[in-house]
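# Structural overview
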Amino acid sequence: LDSSQKVDPAADVIAVDGQIVGYEEHIYLMLYKPAGVVSATEDNVSPTVIGLLPRQYQGAGLFPVGRLDKDTTGLLLITNDGTWAHGITSPKKHMDKIYDAVVEGDIPPDMGQRFADGIVLDDGLHCLSAKAVQTGPQSLTVVVQEGKFHQVKRMFHAVGKEVIYLKRLSMGSLALDKTLTKGEYRSLTEEEIKKAEDNYNSQKKLLDDRLV
Ligand code: URA
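Before going into details, it helps to say that this report is about the structure given with it. (Residues numbered from 1 in each chain as written. Predicted model: local features only at pLDDT ≥ 70, side-chain atom pairs only at ≥ 80, totals over all residues. Heavy atoms only, no water.)

### Side note on the packing of aromatic side chains
Here the distance between the centres and the angle between the planes together describe a pair of aromatic rings. What counts is decided by this rule: Here a pair means two rings of Phe, Tyr or Trp (six-membered ring of Trp) with centres within 6.5 Å. Their orientation is stacked below 30 degrees between planes, edge-to-face above 60, and tilted elsewhere. A helix here means a DSSP run of H or I that spans at least four residues, while a strand means a run of E at least two residues long, and both kinds are numbered starting from the N terminus. Between buried and exposed lies partly exposed: a residue is buried under 20% and exposed over 50% of the maximum accessible area for its type, with that area taken using a 1.4 Å probe on protein chains only.
Taken as a whole and assessed by the stated rule, the structure comprises three aromatic pairs. Where Y57 meets Y185, the ring centres are 5.7 Å apart and the plane angle is 90°; that geometry is what we call edge-to-face. Of the two residues, Y57 sits in the loop between β3 (28-33) and β4 (63-64) while Y185 sits in strand β11 (residues 185-187), which places them 128 residues apart along the sequence. Residue classification places Y57 among the buried positions, given a relative accessible area of 11%. Given a relative accessible area of 26%, Y185 falls into the partly exposed group. Taking the centre distance of 4.9 Å and the plane angle of 50° together, the rings of F115 and F156 count as tilted.

### Looking at the layout of surface pockets
Selection criterion: In this analysis, the protein atoms alone were mapped onto a 1 Å grid. Cavities are point sets where a 1.4 Å probe fits without being able to get out; pockets are open sets with protein on both sides within 12 Å along at least five of seven lines; lining residues have an atom within 4 Å of a point. Grid points are joined across faces, edges and corners, and a volume is the space filled by probe spheres set on the points. The nonpolar class holds Ala, Val, Leu, Ile, Met, Phe, Trp, Tyr, Cys and Pro. Asp, Glu, Lys and Arg form the charged class, and all remaining residues, Gly among them, are polar.
Estimated volume of the largest pocket: approximately 590 Å³. Around the largest pocket, the lining comprises 31 residues; the ones closest to its centre are R67, Y99, G147, K148 and F149. Looking at the lining of the largest pocket, the elements with two or more residues in it are α1 (82-89), β6 (97-103), α3 (151-158) and β9 (163-171). Of the residues in the lining of the largest pocket, the class split is 13 nonpolar, 10 polar and eight charged.

If you want it as structure tokens, here you go:
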């Protein structure tokens, strides 16, 4: 057997000693998550992100890579490759996640400094240093290295601000494709699949682009 031999899952049948063996294909998607759907595979009440995908993807073992709240929009990765997902969501990786946020009321001038110093949440949890850059009267672009439950909303809450809109723009090196509209998805390219596990600094460019 030649281990470098490529398999076309649509055309090839793989057999070992005449026995057909299953071929499990890994799937890697980016979804522009709309509001109103939950980041879960199943839910009794609300539509799920997996349910947004066409039939061919149902029953393929897909799950969201990390979660966005029901009302949060933007980049959500979906896969059935647990190892890859773990590489991205592992807390040790400190993968940068960039969000656009809109908050209620005025933004205090020391917001950026407080995010940089490390916000302490209501429950006493200390957040890692983050960035918050004001982009409008009530809007900011935020970069966090963690992915705790309701992280961004809780950080703002801790400084007396309520988030009224939240959209994720990027995770590590992967940015939401600007050609996607809400509810649309596409497959990741081979290169994106590989580079997803590096937290390299294309996000710096993404942030700079937003601030010009
Ligand atoms: N932080 C939040 O509070 N909600 C999200 O959906 C993502 C990050």
